[in-house]
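A look at the structure
Spelled out, the chains give:
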Amino acid sequence: MKTSRLLTVLVGGVFCLAVMSLYRMLELMQGAELREHPDTPGGQVDNDLSRLQQKIDELERLLSDNNRLVATLRDYLLPHKASWGKGGGANVSSDSAHSQDGTLPGCRLANEMKDETDGVQLLDVYDLLPFDNPDGGAWKQGFEISYHGNEWDEQPLELFLVPHSHNDPGWLKTFDGYYQDQTRHILNNMLIKLSEDSRRKMIWAEISYFSKWWNDIDEQKREMVKRLVRAGQLELVTGGWVMADEANSHYFALLDQLIEGHQWIQRHIGVKPSSGWAVDPFGHSPSMAYLLKGAGLQDMVIQRVHYAVKKHFARQQTLEFQWRQSWDPSPRSDITCHMMPFYSYDVPHTCGPNPSICCQFDFHRLPGGRVYCPWRISPQPITEQNVQERALLLLDQYRQKSRLFRSPVLLVPLGDDFRFTDSSEWDAQFSNYQKLFDYFEQHPELHIKARFGTLSDYFSALRRRLSAAGSTLPTLRGDFFTYADRDDHYWSGYFTSRPFYKRLDRTMEATLRATEILFSLTLAEMRRFHGNGQLVAGFPAREHFQRLTAGRRNLALFQHHDAVTGTARDAVVVDYGTRLLHSILNLRQVLQSSAHWLLLLDKSQYHHDQSKPFLQMDDVISAQDALPQKTPLTLSDEPRSLIIFNPTEQLRTSVISVVVDSPDARVVDAQTGRPMAAQISAVWEEPTRASTESFQLDFVAELPPLSLAVYHVTKAAVGSAHRAQYTFYRQGNPPTVQSEYFQVSRPKGPEADAPLSLSNKHVQMWSSPETGLLQKLRLQSGLVRQLQVQFLWYGTTSNRDKSGAYLFLPGTEGGQLYKPSEPPLVRVSRGPVFSDITSCFRHFTHRVRLYHLDGHAGRSVEISNMVDIRSEVNRELAMKLVTDVANGNRFYSDLNSFQMQQRRTLEKLPLQANFYPMTSASFLQDSTSRVSLLTAQSQAVASLTPGELEVVLDRRLQQDDNRGLGQGVTDNKLTASLYHLLLEDRRGGAQEVGGASVEHLSLLAHLSSLSLCHPPITMVAPSNSQLPKLRPFLPLSSSMPCDVHLLNLRTLEDAQEAETPSQEVALLLHRKGFDCSSAPDTPLQCTWSAHEEVNVDDLFSPLRFRSVRQSGLTLLREDDEPESARQQQPPRITRLQPMEITAFRVEID
Ligand SMILES: [Zn+2]
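Remember, predicted model here, so these are calculated numbers, not experimental data.

1. Topic: the overall build of the protein chain
In terms of helices and strands, the protein chain carries 18 helices and 51 strands. Pairs at least 24 apart in sequence give 76% of the contacts found in the protein chain among residues at least 6 apart. Summing over all exposed atoms, the protein chain offers an accessible surface of approximately 41700 Å²; the carbon and sulfur share of this is 49%.

Here it is as structure tokens:
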């Protein structure tokens, strides 16, 4: 029954779309016949030909779309029988049709993942633990560890002491500041001290620093480095540009910084990292584990995990586990993970459970130095007299620690922040420990073999011991948020701290991705244009590639766990902000000049002039802490060309917004001359005063995937453009409004008290006339949900420890409803392109908008906030949605925008523990509906009460929270945040929900999120009648499937010539998992398939690939498929599995 109904809907939908497409084809053909040509006869032939070409392209695209639709329909109707292209060779999957149970083809059911008895599900652990925080004695957050002493008689304790130095790329000092003062000395000394004795070892994680140092040293020293690496004395661990934050970072940036680091290591050192090392990020995400595994790493170490979870894992001996992705039914994503058991990664908390003893074995704290042991027992230099006593004292700690693990191999880190700077520190640590090791060596009755080691040394010994004993590690699913290091000190503040820069981070990310893709396409087009593989003379490919590289590295640097987290000193924040801003501006140059060449009809007219770029962005960012401002365009009767780049892989209908100097304007498609639906709105200089010089022009653009479209704007006849109409409300005190060009009303009496309502074809919304804030939503299907928007203040506790950059420590009263001292001004705007309601409060301006569009853009409500809390003291502002969704204590938030994670709000935890990071999405659901909040920036999210979802918008905190930063966060800015709110029907959705259920966004939510995070980019050509002819650039003949995301198309560096683009491109595809129970009731603009096999040539048609070779996620050559598997000839079929990212090394023909 259910199946047949869904089928009817689907078939009907597909039929409708096919008919619509055919109708559009007819329309286009008619349009081509009827059009008149005002040009000169000479240009007319060219023009006709180009238009004809254009038409053919467009028809091809529509045909291709229709073919896909038919294919989807066929997928659905027929049992799965994949046979691609011209006969055979393709791997045919037999298990990929999900369609038998009446769900969407290709979707992912909400699985309850159960593993073998040894499997650990973190959500269950949270249900189980009392979080009572008893005093554990010497190991304060743990327990007394006992042993008999004969445990190691058969299997001696095998100890690896791993020297490390934790170098933050920016925190109290800037990246360059630390490098000059500390890091270069550490690395210089490393070279000397490791070379002195081959038993000495060291690990290094941050390639940002390592590469900077590499540039400073001579060839001889570089050879020494390579020798040390080859000899296994120096290991580069993780190999990322930074030790990335795992809460706020988007997976694009997490992977990009890993690629940047790994590519650097491959080029300069010629090795491949195999172990991960993340000792300082404030909580850990399985998305990072997935990326590391995909990049070829076998093992990883994590440290900052809730103390109660550590204790539980220590008791169960599950501190070492196979970390498995929540959504993965197979062990494919498993990576061996070691969780450090104690409080910190410093020496007092790594040798064993008792910090006052372990501190005595940090020989950097010998008496007379700058650092000491806070437990008041100092280390002693190891001498013949004390070696026995010292060795036995240390051995006792090692043995206790070893009891927490299943194997007799023991990992003991030796290091701290910026350690091993001075030569004397190296000597103190290495010589004293060597004496202890020698003593152990001379006393076999102690059954310990101790030495310096790297992570690889440790993990290979672990593997050896486990396989010898025939034992395996337990599997674990879940994530390690929200971190607490002691008491109720939960690190949920940094999910929001410095929100201005969290937003800037994502702007930078979108700019980088767009530039990467357009640059790669430009180089490919240029090579094809010349036919000989050469680039165009005068195109600064090398300079652009350097700009791209600098952009990649600055985005990478900002993923550091004190950067995007908002936990650096003010001056360091400015340094990061300046880097991001400069990178955005430089990347824009690359975008503009790539677009310039691609758009020229006559390529011989290309001419690059850095000082006078042909194209300009339509906005200006004037400072690192300023929001973008649109540049007003001067209009005349001469058409002004607007160039729009669609960075998404789908055809999309978008509203493009520019500011013009006339209230009358007209936009046409430059190719067809077709006028576009448009709307003129006021630019409000103050809430009630409209500019008389600037006007906002919004028009509907239909943008093919990855295309550059050209539109013409001209001044129009007075009164010919659709102008928005405004209604103003303010309780008690109707405002005076200055608005020369727009119709304004100010209702009085009962009219003023009626609920405000806006609607489009898909959604109707109601808002309060007093506040303008949303109250209710109704879908076309009839589904109605209460959906009230509220704002809250949080203060901080009156206890000694208060909220700061890391910690959220609110007062016992919790969030208090925001009550404005005077009623807000409410401004309703209505127009043909969009309608919205703006509420102007003292601390924020809040706007909800509906677009009058078909396609997914019309299905969601756009919310934007402009927040300014600079006048406040120790306050945090939150936005809350209060709904009637019966979600119980369950909700979902994303991890790094890569996957959704179930959350359980637990009363036994303090309020701040129930806040989680949200990179791009969160939702509440019950059996009939789902409310998703999709975001364009990372923030803290919680669902403290059933039906509610809240996000923290900004925080201003006057004091340090005692985690070393030494300051509060008071550098707040005028901060923007942007969301799509999506209400969806759920049909026959899973009953809620015993175990840990794995859920996904719907296809509609994926598309909505994609367009939110990757807005179209608008460029402006000069107003000049001598303008060369432009034609749109349409690299793809049709949209990619809705569930396939082009994560990146990233030009790789030339293997021979440094800082120069090669012909090889990293193609990164992510097939998203999507929800089965929210079938779209009208078809989306793209299709999807139950098949896991994808024909790469077909996806990118008409682009052609000379070669396609699958590789690891960081494109290391040794991860490439073997030469024999390299796909030289189409059809090139590859398997993209739901949830998986797949990387290819391709050459575009
Ligand atoms: Zn750190």
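2. Things to note about unusual backbone geometry
Here Phe-481 and Thr-482 are connected by a cis peptide whose omega angle stands at 5°. Summarising the element assignment, Thr-482 is placed in the loop between strand E12 (475-477) and strand E13 (484-486). Following Ser-1101, the chain continues to Pro-1102 via a peptide bond in cis, the omega torsion being 5°. Tracing the chain through its elements places Pro-1102 in the loop between helix H18 (1096-1100) and strand E49 (1105-1111). Even without being glycine, Phe-420 reaches a positive phi, approximately 65°. When you line up the elements, Phe-420 lands in the loop between strand E10 (409-417) and helix H12 (423-442). Assessed through its relative accessible area of 0%, Phe-420 is described here as buried. Unlike most non-glycine residues, Asn-896 shows phi in positive territory, near 60°. With respect to the helices and strands, Asn-896 occurs in the loop between strand E36 (890-895) and strand E37 (899-904).

3. What to know about the packing of helix H14 (residues 499-530) against helix H16 (residues 570-599)
Packing of H14 against H16 leaves a shortest axis separation of 8 Å and a crossing angle of 30°. As summarised for this structure, H14 and H16 are arranged roughly parallel, according to the angle between their axes. For the pair H14 and H16, the crossing hand works out as left-handed. Looking at the contact of H14 with H16 residue by residue, the class counts come to 18 nonpolar, seven polar and two charged.

4. Some points on the environment of Leu-1084
The topology assignment puts Leu-1084 in the loop between strand E47 (1061-1071) and strand E48 (1093-1095). Separated by 230 residues in sequence, Leu-1084 and Asp-854 have C-alpha atoms that sit 9.5 Å apart.

5. Some thoughts on the coordination of the zinc ion
Here the zinc ion is held by His-166 (NE2), Asp-168 (OD), Asp-280 (OD) and His-561 (NE2), and the distances to it run 2.0 to 2.1 Å. Relative to the metal, the four donor atoms surrounding the zinc ion lie at angles of 91 to 164°, and the coordination shape comes out irregular. Sequence spacing of the donor residues for the zinc ion, all on one chain, is H-x1-D-x111-D-x280-H. Here His-561 lies in the loop between helix H15 (541-558) and H16 and Asp-280 lies in the loop between strand E6 (275-278) and helix H8 (286-294), a separation of 281 residues in the sequence. For Asp-280, a relative accessible area of 5% puts it in the buried group. Since its relative accessible area comes to 0%, His-561 is described here as buried.

6. Some words on the state of the cysteines
One pass over the full model with this rule turns up three disulfides. Put simply, Cys-107 and Cys-1076 are joined by a disulfide, and their sulfur atoms are 2.0 Å apart. Here the disulfide of Cys-107 and Cys-1076 is right-handed, its torsion about the S-S bond being about 100°. Here the residue Cys-107 occupies a position in the loop between helix H2 (41-77) and strand E1 (111-112), and Cys-1076 occupies one in the loop between E47 and E48, the gap between them amounting to 969 residues. Accessibility classification places Cys-107 together with Cys-1076 in one group, the buried group. Each sulfur in the disulfide pair Cys-359 and Cys-373 lies 2.0 Å from the other. Because the torsion about its S-S bond is -100°, the bridge between Cys-359 and Cys-373 counts as left-handed.

7. Remarks on the packing of aromatic side chains
Summed over all chains, the structure comprises 58 aromatic pairs. Centroid distance Trp-426 to Phe-430: 5.6 Å. Interplanar angle 5°. Geometry classified as stacked. On the criterion of helical spacing, the pair formed by Trp-426 and Phe-430 is a turn pair, its members being four residues apart in helix H12. Its relative accessible area of 1% is what places Phe-430 among the buried residues. Their ring planes at 55° and their centres at 4.9 Å tell us that Tyr-494 and Phe-495 sit as a pair that is tilted. Exposure class is identical for Tyr-494 and Phe-495. Each is buried. Its guanidinium or amino end placed over the ring of Tyr-179, Lys-212 lies 5.2 Å from that ring's centre, counting from NZ or CZ. If you follow Arg-315 out to its NZ or CZ, it ends over the ring of Phe-143, 4.3 Å from the centre.

8. Looking at the side chain of Ser-767
Mapping Ser-767 onto the fold places it in strand E27 (residues 763-767). Residue Ser-767 is classed as buried on the basis of its relative accessible area, which comes to 0%. Among the polar contacts made by the side chain of Ser-767, one reaches the main-chain carbonyl oxygen of Gly-772 at a distance of 3.5 Å.

9. So, the sheet that holds strand E51 (residues 1141-1148)
With antiparallel pairing, four strands are arranged side by side in an open sheet as E46-E47-E51-E49. Strand pairing shows two members of the sheet lacking a second neighbour, strand E46 (1044-1053) and E49, which therefore form its edges. The sheet shows a mean angle of 25° between the axes of neighbouring strands, direction not considered. Against the sheet, H15 engages E46 and E47, with an angle of about 120° to E46.

10. Regarding the confidence of the model for the protein chain
On average, residues of the protein chain carry a pLDDT of 91, and 90% of them reach 70 or more. Across residues 25-43, confidence stays below pLDDT 50; counting only partners more than four residues off in sequence or on other chains, it has 17 contacts.

11. What about the nonpolar core?
Counting residues in each nonpolar core, the largest one holds 262 residues, and the members touching the most others are Phe-210, Phe-313, Tyr-398, Tyr-433, Phe-480 and Phe-1100. Setting aside residues no more than four positions away along its own chain, Phe-313 makes contact with Val-120, Leu-122, Val-125, Thr-318, Leu-319, Phe-321, Met-339, Leu-476 and Phe-480. With 32 residues, the next largest nonpolar core counts Leu-633, Leu-635, Ile-656 and Ala-709 among its residues.

12. Considering the environment of Ala-682
In this structure, Ala-682 sits in strand E21 (residues 678-686). When the C-alpha positions of Ala-682 and Glu-740 are compared, they lie 9.7 Å apart, and in sequence the two are 58 residues distant. For Ala-682, the residues in contact, after removing those within four places along its chain, are Ala-690, Tyr-726 and Phe-742.

13. Focus: the pairing of strand E19 (residues 652-660)
Counting buried residues along E19, eight of its nine residues qualify, which places the element largely inside the surrounding structure. Pairing geometry for E19 and strand E22 (residues 689-703), over nine bridges, is antiparallel. Each residue of the ladder has a partner; that of Ser-657, found in E22, is Asp-698.

14. Looking at the pattern of salt bridges
All chains considered together, the criterion is met by 68 salt bridges. Of the charged contacts, one joins Glu-1064 and Arg-1117 as a salt bridge, the two residues approaching to 2.8 Å between their closest N and O atoms. Placement of Glu-1064 in strand E47 and of Arg-1117 in the loop between E49 and strand E50 (1133-1135) is noted, with a sequence separation of 53 residues between them. The structure contains a network of salt bridges with shared partners spanning Asp-362, Arg-365, Asp-416, Arg-419 and Glu-425.

15. Some words on the environment of Leu-777
Note that Leu-777 resides in strand E28 (residues 774-779). For the pair Leu-777 and Gln-764, spaced 13 residues apart in the sequence, the C-alpha separation amounts to 5.8 Å. Other than its neighbours up to four places away in sequence, Leu-777 contacts Val-763, Gln-764, Met-765, Trp-766, Leu-783, Val-784, Arg-785, Leu-787, Val-861, Leu-981 and Leu-983.

16. Let's talk about the packing of H15 against H16
Two numbers describe how H15 lies on H16: the axes approach to 9 Å, and their chain directions differ by 145°. By crossing handedness, the relation of H15 to H16 is classed as left-handed. Taken together, the residues of H16 that come into contact with H15 (itself represented by His-544, Arg-547, Leu-548, Ala-550, Gly-551, Asn-554, Leu-555, Leu-557 and Phe-558) are Tyr-576, Arg-579, Leu-580, Ser-583, Asn-586, Leu-587, Gln-589, Val-590 and Ser-593.

17. As for the sheet that holds strand E9 (residues 335-339)
The six strands lie next to each other as E2-E12-E8-E9-E7-E6, forming an open sheet whose pairing is mixed. Both edges of this open sheet fall to strand E2 (120-121) and E6, since each of them pairs with a single strand only. Judged from the two bridges that link them, E2 and E12 form a sheet pairing that is parallel. Looking at E12, one finds that Gln-121 is bridged to Arg-477. In the packing of H8 onto the sheet, the strands contacted are E6, strand E7 (299-302), strand E8 (320-324) and E9, and the crossing angle to E9 comes to about 130°.

Thresholds applied
- Residues numbered from 1 in each chain as written.
- Predicted model: local features only at pLDDT ≥ 70, side-chain atom pairs only at ≥ 80, totals over all residues.
- Heavy atoms only, no water.
- Helix = DSSP H or I, 4+ residues; strand = E, 2+ residues; numbered from the N terminus.
- Contact = heavy atoms within 4.5 Å.
- Areas by Shrake-Rupley, 256 points an atom, 1.4 Å probe, with all protein chains shown as cover.
- Buried < 20%, exposed > 50% of the residue type's maximum accessible area, 1.4 Å probe, protein only.
- Axes fitted to C-alpha atoms, helices over the stretch in contact; angles between N-to-C directions.
- Parallel < 35°, antiparallel > 145°, perpendicular 65-115°, else oblique.
- Left-handed = near helix turned anticlockwise from the far one by under 90°.
- Nonpolar A, V, L, I, M, F, W, Y, C, P; charged D, E, K, R; others polar.
- Donors = N, O, S within 2.8 Å, 3.2 Å for Na, K, Ca; no water.
- Tetrahedral: all angles 85-135°; square planar, octahedral: opposite > 155°, others 65-115°.
- Disulfide = S-S within 2.5 Å.
- Phe/Tyr/Trp six-rings, centres within 6.5 Å; stacked < 30°, edge-to-face > 60°.
- Lys NZ or Arg CZ within 6 Å of the ring centre and 35° of its normal.
- Polar contact = N/O pair within 3.5 Å; in protein donor to acceptor, adjacent residues only side chain to side chain.
- Pairing = 2+ DSSP bridges.
- pLDDT = per-residue confidence, 0-100.
- Core = buried A, V, L, I, M, F, W, Y, C linked by side-chain atoms within 4.5 Å.
- Salt bridge = Lys/Arg side-chain N within 4 Å of Asp/Glu carboxyl O.

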